[in-house]
Amino acid sequence: MNDTKTWYVYVASYGREEGPLTTAEVTERIRSGQVDRETLVYADGLANWEPAGRRHEFNAAFTSQPPAPPPPVPTAPTLAHEIDYEIHGDDMQFVEITLDPGEACVAEAGSFLYMDPGIEMHTIFGDGSGQEGGFMGKLLSAGKRVLTGESLFMTVFGNAVAKQRKVAFAAPYPGKIVPFDLQQHNNTMMCQKDAFLCAAKGITVGIAFQKRLGAGLFGGEGFILQKLEGDGLAFVHAGGSIIARQLRPGETMRLDTGCLMAFENSVTYDIQMVAGIKTALFGGEGLFYAALTGPGTVWIQSMPFSRLADRIIAALPRTGGTQKGEGSILGGLGGAIMGDRS
């Protein structure tokens, strides 16, 4: 490269020439991004101005120049409100949601815990996502909720003042609250039909019918699962401890049908029969288990509420259960003496 050649650079944005410059100085401007391939340069011996990208003196500089970053991909506007939250507690959890002015969230009837002054609440048909499409759409949305065993109504909590306000929702039984950012799960999440707790306004809470007959008849959740759709936060509750399992494409895991809490829409859900007649009849785990095949993530609960309720009912004396003599060395005799004849 001839460093003694004198160059002039035409800066189009300013409409003027700059120079004289050495070859090294022009090279430095190329590397810093001030001169690109279309910038006009001139030097003694050239018939006219030429684009810098055509001059062999600067080939090495343009080759070493990092490629320009791709233009940003336009993103669709967010439909759900962007809420902040904090989960409190260990086994009996509640979620505290912070609402900016004008923001709102929706919740299952009966899950409300407390709210700051300035929060307004009202009851609606459906989920308040704005996708119901008139009265008939709202009626259909409410009807879908009845099929999942939920109330006809949901409650909207909105911030009507000019500063941040908080509202909290409590879990209905011991377990964990799991937040899902639906944007990170292809905007769709499937969960057991009583798992939904609350969500940012704009999230659609619908239903999904199982396509496989076996999953519908023996899956513990019937043909119907809750389907959460949108681009914001949704909060799901389940019993006991919660674990997440990432399944690779084609990888299958089997679990108790009642322990399935949620899974991504890319996961295939089916029901399989327990192998072996003795295991099926006397194993104590039922005749069927759930089979989930990846790719995708599956969330599992360690203590389904139905299992907890069955244990409580079985332990009640009026339903055939037996007392364990809690707190008494006399056991049942002590209970009779103390007046507990149940």
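Think of each chain on its own: its residues are numbered from 1, step by step along the sequence as written. Residue-level local features of this predicted model are given only where pLDDT is at least 70; pairs of side-chain atoms are given and counted only at 80 or more, and the full residue set underlies all totals for whole chains, interfaces and linings. Computation of side-chain values covers all heavy atoms of the structure but excludes hydrogens and water.

A. View of the sheet that holds strand 6 (residues 94-99). A pair of strands counts as paired when DSSP detects no fewer than two bridges linking them. Only DSSP runs of H or I with at least four residues qualify as helices, and only runs of E with at least two residues qualify as strands; both kinds are numbered from the N terminus onward. Taken together, the four strands give an open sheet; going across it, the order is 5-6-11-8, and neighbouring strands pair in antiparallel fashion. Since the sheet does not close on itself, it has two edges, and those belong to strand 5 (84-88) and strand 8 (112-115), each with one partner. Strand-to-strand twist in this sheet, taken as the mean axis angle between neighbours without regard to direction, amounts to 20°. Summarising the sheet, strand 6 and strand 11 (residues 165-170) pair through six bridges and their orientation is antiparallel. Among the inter-strand pairings, Glu 96 is bridged to a residue of strand 11, identified as Ala 168. Geometry is summarised by axes, namely lines fitted to C-alpha atoms with helices restricted to the contacting stretch, and by angles between N-to-C directions that run from 0 to 180 degrees.

B. A look at helix 1 (residues 23-31). Classification of residues uses two cut-offs on accessible area relative to the type maximum, computed with a 1.4 Å probe and protein chains only: under 20% is buried, over 50% is exposed, and between them is partly exposed. Taken residue by residue, helix 1 has Thr 23, Val 26, Thr 27 and Ile 30 as its buried positions. End-on, the buried residues of helix 1 take up no more than an arc of 100°, which puts them together on one face. One or two steps after helix 1, the chain reaches Gly 33, where phi turns positive at roughly 90°. Comment: arc refers to directions from the helix axis out to C-beta atoms.

C. Examining the nonpolar core more closely. Residues belong to one nonpolar core when they are buried, are Ala, Val, Leu, Ile, Met, Phe, Trp, Tyr or Cys, and are joined through side-chain atoms within 4.5 Å. Counting 40 residues, the largest nonpolar core has Ile 97, Phe 169, Phe 180 and Leu 228 as its most contacted members. Sequence-distant contacts of Leu 228, defined by excluding residues within four places in its chain, comprise Leu 182, Asn 187, Thr 188, Met 189, Cys 191, Phe 196, Thr 204, Val 205, Ala 234 and Val 236. If you look at the next biggest cluster of nonpolar residues, it comprises 16 residues, including Ala 208, Leu 247, Leu 255 and Ile 271. Contacts are assigned to residue pairs that have any heavy atoms within 4.5 Å of one another.

D. Highlighting the side chain of His 237. Of note, His 237 is situated in strand 17 (residues 233-239). A distance of 2.9 Å separates the side chain of His 237 from the backbone oxygen of Tyr 173, its partner in a polar contact. Other than its neighbours up to four places away in sequence, His 237 contacts Ala 171, Pro 172, Tyr 173, Pro 174, Gly 175, Lys 176, Ile 177, Gln 192 and Ala 195. We call two N or O atoms a polar contact when they sit within 3.5 Å, provided that within protein one can donate a hydrogen and the other can accept it, with sequence-adjacent residues counted only if both atoms are side-chain atoms.

E. Examining the confidence of the model for the protein more closely. Confidence per residue, as judged by the predictor, is encoded in pLDDT with a range of 0 to 100. With 70% of its residues at a pLDDT of 70 or more, the protein shows a mean pLDDT of 78. The element-level mean pLDDT for the protein is lowest in helix 7 (residues 332-337), coming to 48, with strand 6 highest at 97. Segment residues 325-331: pLDDT under 50, and three contacts once partners within four positions in sequence are set aside and those in other chains are kept.

F. Representation of the sheet that holds strand 19 (residues 252-255) in the model. A sheet is described by the order of its strands in space; here three strands give the open sequence 19-22-21, paired in antiparallel fashion. The open sheet is flanked by strand 19 and strand 21 (268-273), the only strands paired with a single partner. Within the sheet, the average angular offset between the axes of one strand and its neighbour, ignoring direction, is 30°. Across four bridges, strand 19 lies against strand 22 (residues 288-293) in antiparallel orientation. Its bridge partner lying in strand 22, Arg 254 is registered against Ala 291.

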